[in-house]
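Residues per chain are reported as follows:
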Amino acid sequence: MTAIATPRKTARDAADPAATASAAKPAPRPLLAALLRLAWIGRGLWHRVARPLTMGVRALILDESDPAAARILLIRHSYVGGWHMPGGGVGKGETLAEAMRREVREEVGLRVEGETPPLGIYARFRNGASDHVTVFVVRGWSGTPKADGVEIVEARFFTVDRLPADLSPATRRRLEEFLGGKPPAARW
């Protein structure tokens with residue numbers, strides 16, 4: 001079982017800014033970030049009233065080019081705190097895998113290639129939502145991660161032993177399942 005460690009700043013980090021530099025870290029646009037936050041709150045209110053059933057996807061994107069130091073791509077949104085896996089909602093007429101590929105392309109500019117087995121399907125019932133989220137494991141991809149600067153303000157690979165301290169709780173649980181070989185939980 002692999003434990004997820006809390007990151008520590010080392011002398012190497014201070015000496016090597018590239019070790020901690022993010023992939024394209026554009027400054028968020030304040031008005032746009034405020035509008036996205038307002039839309040996020042409005043979505044939560046709408047879920048409390050309408051109670052729709054929705055589908056979502058996330059991508060656990062791995063960089064295994066260095067077998068001794070596997071890395072995972074995480075993102076920060078402009079409208080909600082913490083680090084998350086890239087992903088989003090499934091559109092009408094779209095399969096789960098198609099939605100995941102589209103969301104990864106839109107959020108971080110990567111092209112997902114090859115097989116993408118699901119890690120698990122999770123029920124999420126927060127803020128009145130009835131959301132079901134499928135997490136896919138992505139090992140094949142091309143491109144360079146780049147935050148869109150609007151919805152996503154930072155996209156960055158982290159080694160599994162140096163994950164950010166403000167990793168979202170659900171992302172932390174999914175990584176513990178994946179890295180520790182635990183069976184997927186039923187709830188997000």
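What you see is a predicted model; the values in this text were computed from it and never measured.

**Q** Please clarify how the nonpolar core should be interpreted in this entry.
**A** Proteins that are soluble and globular tend to have nonpolar side chains buried together. One finds L60, I72, L74, V135, L175 and W188 to be the most contacted residues of the largest nonpolar core, which totals 19 residues. Mapped onto this core, the elements with two or more residues apiece are β1 (53–63), β2 (71–77), β6 (118–124), β7 (130–138) and α5 (169–180). Formed by 17 residues, the second largest nonpolar core is a distinct cluster that contains V57, I75, A99 and M100.

**Q** Honestly, a nonpolar patch on the surface in this entry has me stumped. Any pointers?
**A** A surface patch of nonpolar side chains, about 330 Å² in accessible area, is lined by L31, L35 and L38. Inspection of the secondary structure puts L31 in helix α3 (residues 30–50). Judged by relative accessible area, which is 63%, L31 ranks as exposed.

**Q** Can you help me understand the packing of aromatic side chains in this one?
**A** To describe a pair of aromatic rings, you give the distance between the ring centres and the angle between the ring planes. Per the counting criterion, the structure on display carries three aromatic pairs. Arranged with centres 4.9 Å apart and planes meeting at 80 degrees, the rings of W83 and F158 form a pair that is edge-to-face. You can see W83 sitting in strand β3 (residues 83–84) and its partner F158 sitting in strand β9 (residues 152–159), a full 75 residues away along the chain. A relative accessible area of 5% means that W83 is categorised as buried. A relative accessible area of 6% means that F158 is categorised as buried. Ring centres of Y122 and W188 lie 5.7 Å apart, and the angle between their planes is 70 degrees; on these two criteria the pair is classed as edge-to-face.

Cut-offs used in this document
- Residues numbered from 1 in each chain as written.
- Predicted model: local features only at pLDDT ≥ 70, side-chain atom pairs only at ≥ 80, totals over all residues.
- Heavy atoms only, no water.
- Core = buried A, V, L, I, M, F, W, Y, C linked by side-chain atoms within 4.5 Å.
- Buried < 20%, exposed > 50% of the residue type's maximum accessible area, 1.4 Å probe, protein only.
- Helix = DSSP H or I, 4+ residues; strand = E, 2+ residues; numbered from the N terminus.
- Patch = residues over 30% accessible without salt bridge, like charges linked within 9 Å, V, L, I, M, F, W, Y side chains within 5 Å.
- Areas by Shrake-Rupley, 256 points an atom, 1.4 Å probe, with all protein chains shown as cover.
- Salt bridge = Lys/Arg side-chain N within 4 Å of Asp/Glu carboxyl O.
- Phe/Tyr/Trp six-rings, centres within 6.5 Å; stacked < 30°, edge-to-face > 60°.

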